Amino acid sequence: MSQVKYMNGTKLLIQIGNGATPTEVFAHDCLINTDRGIAFSADENRQVIPDCDNPDDPAWSVLNKDGLQAQISGSGMLHTTSLEDWFNWFNSDDAKNIRVVIDVPAGDGGGYWEMAAKLTGFEVSGSRNEKATVSVTIGSDGPVTWVDAA
């Protein structure tokens, strides 16, 4: 029997680049401290290919993938010292370089997706007698690449 190679959710890290040149530094911000994820999707075009011998019969459709994109989500307890930086990012059209890290050794599938991305959703909320929370949505802005762990 072969056991599943697994990792804890805290080993999925959303790292934001600081924009420095020549060497950009990436760090996980404590604002995303509970849930985090990445979802990939494709725009699609479908066409029905007619059957020339039986044009009145239902025909199978074919699928062409068009645009590809990634959407990163994160949430947690509001880390108040990060609030201004995140709001400023949301309030601009600037893309930042980010990494979504699978923080395990290369032999176990570790590495990261890297991309330019824009902050497209930013929500802060709170309820009586509970700590304030935050959720963010980040959308890829161009190609997404995979880099194996070193």
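Residues numbered from 1 in each chain as written. Predicted model: local features only at pLDDT ≥ 70, side-chain atom pairs only at ≥ 80, totals over all residues. Heavy atoms only, no water.

Engineer: Hey, could you go over the overall build of the chain for me, with residue numbers and the actual values?
Structural biologist: Scanning the chain from N- to C-terminus turns up 1 helix and 7 strands. If you list the helices and strands of the chain from N to C, you get β-β-β-β-α-β-β-β. By the compact-globule yardstick of 15 Å for 150 residues, the chain is too spread out, its C-alpha radius of gyration being 20 Å. Dimensions of the chain, computed from C-alpha atoms along their principal axes, come out at roughly 70 × 40 × 40 Å. Taken over 150 residues, the chain has a buried fraction of 25%. When contacts within the chain are restricted to residue pairs at least 6 apart in sequence, long-range pairs at least 24 apart make up 62% of them. With the model as given, the accessible surface of the chain reaches about 10300 Å², and the carbon-plus-sulfur share is 49%. (Helix = DSSP H or I, 4+ residues; strand = E, 2+ residues; numbered from the N terminus. Rg over C-alpha atoms; globule rule 2.2 N^0.38 Å. Buried < 20%, exposed > 50% of the residue type's maximum accessible area, 1.4 Å probe, protein only. Contact = heavy atoms within 4.5 Å. Areas by Shrake-Rupley, 256 points an atom, 1.4 Å probe, with all protein chains shown as cover.)

Engineer: Please set out the environment of Ile138 residue by residue, giving values where relevant.
Structural biologist: In this fold, Ile138 is placed in strand S7 (residues 133-148). Setting aside its immediate chain neighbours within four residues, Ile138 contacts Ile14, Ala70, Gln71, Ile72, Trp86, Trp89, Ile98, Ala117, Lys118, Leu119 and Thr120.

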